[in-house]
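Report on the structure
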Amino acid sequence: CKTIELQLENNEYDLMIKKILFECLSLFDRNVAKMKSFLSDAKNQTAYDFDFSEGSDKEKNKKYLKSIFALRGAINSEEDKEMSDWLLQNDPSLKAITEKKDHVDFIKSFMLRIMGILDRNSYIFYDLNSSKADEEIGSGIFAYASLFNHSCSPNLFRFFIDGQQVYIAKKPIEKNQQLFVGYM
């Protein structure tokens, strides 16, 4: 199977970008034009603009997608651009959904946008139950947590318990004082 061979050649990052793309497309019944239209007005919205307590899981996931897609991303490297071009030219699963030129352009810009968002906003999970304090067990993007700013002397400590990101104040925090986390 050429798809399996291609997957084995790709690195985990390539696979993660494709998984995110196809998970997002599944919210729109694999219709690229619907997803493009939905995300066209996502630039100025944050997680605070949405009510995540109502709607189906699919509708909630669309809201999460829009709030994450609105996050600022890092500037893409030449390697990111080359990887997205290579995937679009060589991956059969991507070729199947990019029949039109505007679909190719959108999928490329989507992948690059997600790469930039991941680079700037992802959090690494550490296993607190491990004997190694720095054992990474995964990473993710959290719509609200991505809005915190960095400080070398943060006033919040973050950790993960059962897949939930938890914050605890490291010192007293005054009313209207900004909340900071350490990105490193």
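Everything here concerns the structure above.
Below or above, wherever it landed, is the structure these notes cover. (Residues numbered from 1 in each chain as written. Predicted model: local features only at pLDDT ≥ 70, side-chain atom pairs only at ≥ 80, totals over all residues. Heavy atoms only, no water.)

Moving on, we come to the layout of surface pockets. A probe matching the size of a water molecule, rolled over the atoms, marks out where space remains unfilled. Within this model, the largest pocket holds a volume of roughly 710 Å³. Residue lining of the largest pocket: 18 residues in total, with I20, E23, C24, I68 and I141 positioned closest to the centre. At the level of elements, α2 (12–26), α4 (57–69), α7 (101–121) and β2 (136–140) are the ones that each hand at least two residues to the lining of the largest pocket. Among the elements that take part in the lining of the largest pocket, α2 stands out by supplying six residues, more than any other. Grouping the constituent residues of the lining of the largest pocket by class yields eleven nonpolar, five polar and two charged. (1 Å grid on protein atoms, 1.4 Å probe; cavity = no way out; pocket = protein on both sides within 12 Å on 5 of 7 lines; lining within 4 Å. Points joined across faces, edges and corners; volume = space filled by probe spheres on them. Helix = DSSP H or I, 4+ residues; strand = E, 2+ residues; numbered from the N terminus. Nonpolar A, V, L, I, M, F, W, Y, C, P; charged D, E, K, R; others polar.)

Quick look at the packing of α2 against helix α5 (residues 78–90) now. Viewed as axis vectors pointing N to C, α2 and α5 meet at an angle of 65°, and their least axial separation amounts to 12 Å. You can see that α2 and α5 cross each other, and the crossing is right-handed. From α2, Y13, D14, I17 and K18 reach across to α5, where they touch D80, M83 and L87. Taken together, the residues of the contact of α2 with α5 break down into four nonpolar, no polar and three charged. (Axes fitted to C-alpha atoms, helices over the stretch in contact; angles between N-to-C directions. Left-handed = near helix turned anticlockwise from the far one by under 90°. Contact = heavy atoms within 4.5 Å.)

What follows covers α7. Taking 1.5 Å per residue as the helical rise, α7 with its 21 residues ought to reach 30 Å, and the 30 Å between its terminal C-alpha atoms agrees with that figure. Along α7, the residues that are buried comprise H103, F106, I107, F110, M111, L112, I114, M115, G116, I117, L118 and N121. (Expected span 1.5 Å × (residues − 1). Buried < 20%, exposed > 50% of the residue type's maximum accessible area, 1.4 Å probe, protein only.)

Turning to the nonpolar core, a few remarks are in order. If you look at the biggest cluster of nonpolar residues, it comprises 26 residues, and the most contacted ones within it are M35, L94, I107 and F110. Of all the secondary-structure elements, those providing two or more residues to this core are α2, α3 (32–39), α4, α5 and α7. Among the elements that take part in this core, α7 stands out by supplying eight residues, more than any other. Once residues within four sequence positions are removed from consideration, F110 is found in contact with I20, L21, C24, M35, L39, L65 and F69. (Core = buried A, V, L, I, M, F, W, Y, C linked by side-chain atoms within 4.5 Å.)

Turning next to the packing of aromatic side chains. For the structure on display, the rule yields eight aromatic pairs. Where F28 meets F38, the ring centres are 5.1 Å apart and the plane angle is 50°; that geometry is what we call tilted. Here F28 is found in the loop between α2 and α3, whereas its partner F38 is found in helix α3, with ten residues between them in sequence. A ring pair is formed by F69 and F110, whose centres lie 5.5 Å apart and whose planes are at 15°; its orientation type is stacked. Residue F69 is located in helix α4, and its partner F110 is located in helix α7; the two are separated by 41 residues in the primary sequence. Assigned by exposure class, F69 and F110 land together as buried. Through a chain of ring-to-ring contacts, three or more aromatic side chains come together here, namely Y48, F50, F52, Y64 and Y144. A cation over a ring is seen here: K66 above F38, with NZ or CZ 4.3 Å from the ring centre. (Phe/Tyr/Trp six-rings, centres within 6.5 Å; stacked < 30°, edge-to-face > 60°. Lys NZ or Arg CZ within 6 Å of the ring centre and 35° of its normal.)

This part covers the environment of F157. Position of F157 among the secondary structure elements: in strand β4 (residues 156–161). When the C-alpha positions of F157 and I168 are compared, they lie 5.3 Å apart, and in sequence the two are eleven residues distant.

The next thing to look at is unusual backbone geometry. The backbone of R30 shows a phi angle near 60°, a positive value even though the residue is not glycine. Note on placement: R30 falls in the loop between α2 and α3. The partly exposed category is assigned to R30, whose relative accessible area is 48%. Not every positive phi belongs to a glycine, and N176 is a case in point at roughly 70°. Mapped onto the fold, N176 is located in the loop between β5 (164–169) and β6 (180–181).

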